[in-house]
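Here is what each chain is made of, one letter per residue.
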Amino acid sequence: VDGAVSIGQSLAAIEYLDETHPEPPLLPGGAADRARIRSLALDIACEIHPINNLRVLKYLTGELGASEEQKLAWYRHWVEVGLAAVEARLAGNALTGRFCHGEHPTLADCCLVPQVFNARRFGCRLDHVPTVVRIDTEC
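This text gives an overview of the structure that appears in the document. (Residues numbered from 1 in each chain as written. Predicted model: local features only at pLDDT ≥ 70, side-chain atom pairs only at ≥ 80, totals over all residues. Heavy atoms only, no water.)

1. Quick notes on the overall build of the protein
Next, step 1: The secondary structure content of the protein amounts to seven helices and zero strands.
Next, step 2: Tracing the protein from N to C terminus, the helices and strands come up as α-α-α-α-α-α-α.
Next, step 3: Each principal axis of the C-alpha distribution contributes one length, and for the protein these read about 50 × 45 × 20 Å.
Next, step 4: Relative to its full complement of 139 residues, the protein shows a buried share of 36%. (Helix = DSSP H or I, 4+ residues; strand = E, 2+ residues; numbered from the N terminus. Buried < 20%, exposed > 50% of the residue type's maximum accessible area, 1.4 Å probe, protein only.)

Here is the structure:
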């Protein structure tokens, strides 16, 4: 909430903040740089973040009758697979720097940090995503 403006989706809120407070920019560089940053952010927001959604997790234990152990195994599997996909895009890419894209935090980093926090909270393996862990630590 910013005065009369109320934004309900995190990516839209982050882009709003970037446009209303442009320094430092969360979408720096030219069109190709911004597209890479958005692509990384969307990989995280669309492929990993929905797994963290409380209504999704409650559906597993409620409607589907999964045990807490089964729910956590399901969650860990999909988050670990999702983070591995992000790792594959970041590791060894010349555009990856201290952060997901270059030497300053971007929209992609804003999306990554909460997912790594949740991965740790739910006991996910992170040994297979060293670049992701390094960037999270940098953030």
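The rest of the description comes next.
2. Considering the pattern of salt bridges
Next, step 1: The full count for this structure, using the stated rule, is seven salt bridges.
Next, step 2: Members of the salt-bridge network, linked through shared partners, are Glu80, Arg125 and Asp127. (Salt bridge = Lys/Arg side-chain N within 4 Å of Asp/Glu carboxyl O.)

3. Re the environment of Gly123
Next, step 1: Structurally, the position occupied by Gly123 is in the loop between helix H6 (107-121) and helix H7 (130-138).
Next, step 2: Overall, the relative accessible area of 45% leaves Gly123 in the partly exposed class.
Next, step 3: When the C-alpha atoms of Gly123 and Arg36 are compared, they prove to be 29 Å apart, with 87 residues separating the residues in sequence.

4. Considerations on the nonpolar core
Next, step 1: In this structure, Val79, Leu83, Leu112 and Val132 are the most contacted members of the largest nonpolar core, which totals 31 residues.
Next, step 2: Contributing elements (two or more residues each) for this core: helix H2 (31-47), helix H4 (54-61), helix H5 (68-90), H6 and H7.
Next, step 3: Ignoring anything within four residues of it in the chain, the contact list for Leu112 reads Ile44, Leu83, Val86, Cys100, Val132 and Ile135. (Core = buried A, V, L, I, M, F, W, Y, C linked by side-chain atoms within 4.5 Å. Contact = heavy atoms within 4.5 Å.)

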